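Close look at the chain arrangement
What follows is each chain in one-letter form.
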Amino acid sequence: MTDPCQKAQWADDLLVQIQRYHRSLHTPLLNFALQSGPKADLCETFPAAAIVLVTEARTAAARALAEDVLSSRAGLARLAAVLDLPFWARRLPPEAFGATAPEAMRRRADDVAFGRRLAAAFPPRCARGAPWADMVMHARAVASDEFAVWMALHTADFDVVRTDVLGAFAWHSVNAQSPGAQHMGRRWRPRQSGFTAAQLAAEWLISLVLRAQKLSSHPAVAEKAPWRADGLEIHLLDTAERLVEEGRAMGNCIATYAARVALGRRALLSVRRGRNRIADVEVRLAPSGGPLLVSELKGPRNCRLPDADEDQILTTLDGAWRAGWIDGQLGGEKRITQRVWKRLLGPYLDTVQGANATIAGVPDDAGVGLAT
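None of the values given here were measured: they were computed from a predicted structure.

1. Digging into the side chain of S270
- By the secondary structure assignment, S270 is in strand β3 (residues 266-273).
- Relative accessible area serves as the criterion here: at 0%, S270 is assigned to the buried category.
- Side chain to side chain, S270 and E246 meet in a polar contact 2.9 Å long.
- At 2.9 Å, the side chain of S270 forms a polar contact with the side chain of R272.

Encoded structure:
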């Protein structure tokens, strides 16, 4: 390329392409691309391979062999094999990746059909640097190919913890004979919306935790009448059904706090004025057993409440706590034994082989769930 105008256009095009990658990769990729024409081309034709090389995610020997493949122009299929990447990964654009290529994105014998479906599921709009590929490959590890393809369309809705819970829920939805799937209500389906799947997963999780508590010799607490004062009613949201109903009525994700509530050191409350639900509140006790702590107080659709309503609610909550109404619900932790948790989730944990750290750990008073 000798024409100055062509060189300038080539440089502009290269910069535009590199800007599509995660910002931490801009300088390394530019230095990499300026070394040779094949390396510059790689930034456009096989983003995953370019990321693997600039982040040194393979052994020195593998990277040296990849350099030989590029200089000899032996082809992208050969390069993918050398870097232990599935050939379908070349179809994923730079926006699919974060600062690294997922370690889980390595070749598998059954990858071809999965890769075709995954590439077709990439959203038309994806935030720059969003770890789309990381989330999808993690979803595959904690559940299945089917769940990973579903997650490819919903990555903006979930973080890793929520994906872990959803993955466990999806796996048990398919493996209905496993212990953790007993008494499951509605199951995960590939055509479900992200909101519906999250609600159903929360319901499954709290049911699982309550069952584990019972097996660990923690019987369920009897239903408590609402606290009434100053024209307000405070209702305890202590079952999956009440949490899901509240989330739908208030337009929020309160049901995703399922397990932390079930474990007894926090409580979720619905504040109502007559028939109108005006706020949801999360409360907990101070570590020393001191005063009540309000973790969250939000109105419908997570909107902030007027100051007058907020003050009235806090005053009413303080009265309920001083009268022992709230304290009675938070009086003791409800630990689940490791033996019981493994009994319920053993088949699943054996299948995913350590990929799901969220579900593998026995829930404690901090909870495990879909909370953001």
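The discussion continues.
2. A word on the confidence of the model for the protein chain
- Of the residues in the protein chain, 83% have a pLDDT of 70 or more, and the chain-wide mean is 84.
- Confidence, expressed as mean pLDDT per element, reaches its minimum in the protein chain at helix α13 (residues 258-262) with 60 and its maximum at helix α4 (residues 47-54) with 97.
- Confidence drops under pLDDT 50 across residues 365-372; counting only partners more than four residues distant or on other chains, this segment forms 32 contacts.

3. Focus on the nonpolar core
- L42, F97, M105, W132 and F147 are the most contacted members of the largest nonpolar core, which totals 77 residues.
- The contact partners of F147, leaving out residues within four places of it in the chain, are A139, T163, L166, G167, A170 and W188.

4. Describing α4
- Within α4, 8 of the 8 residues are buried, leaving the element largely enclosed by the surrounding structure.
- Within α4, burial applies to P47, A48, A49, A50, I51, V52, L53 and V54.
- For α4, the secondary structure elements touched by its buried residues are α2 (26-33), α3 (37-45), α5 (60-71) and α6 (76-82).
- Following α4 by one or two positions, E56 adopts a phi angle in the positive range, close to 55 degrees.

Cut-offs used in this document
- Residues numbered from 1 in each chain as written.
- Predicted model: local features only at pLDDT ≥ 70, side-chain atom pairs only at ≥ 80, totals over all residues.
- Heavy atoms only, no water.
- Helix = DSSP H or I, 4+ residues; strand = E, 2+ residues; numbered from the N terminus.
- Buried < 20%, exposed > 50% of the residue type's maximum accessible area, 1.4 Å probe, protein only.
- Polar contact = N/O pair within 3.5 Å; in protein donor to acceptor, adjacent residues only side chain to side chain.
- pLDDT = per-residue confidence, 0-100.
- Contact = heavy atoms within 4.5 Å.
- Core = buried A, V, L, I, M, F, W, Y, C linked by side-chain atoms within 4.5 Å.

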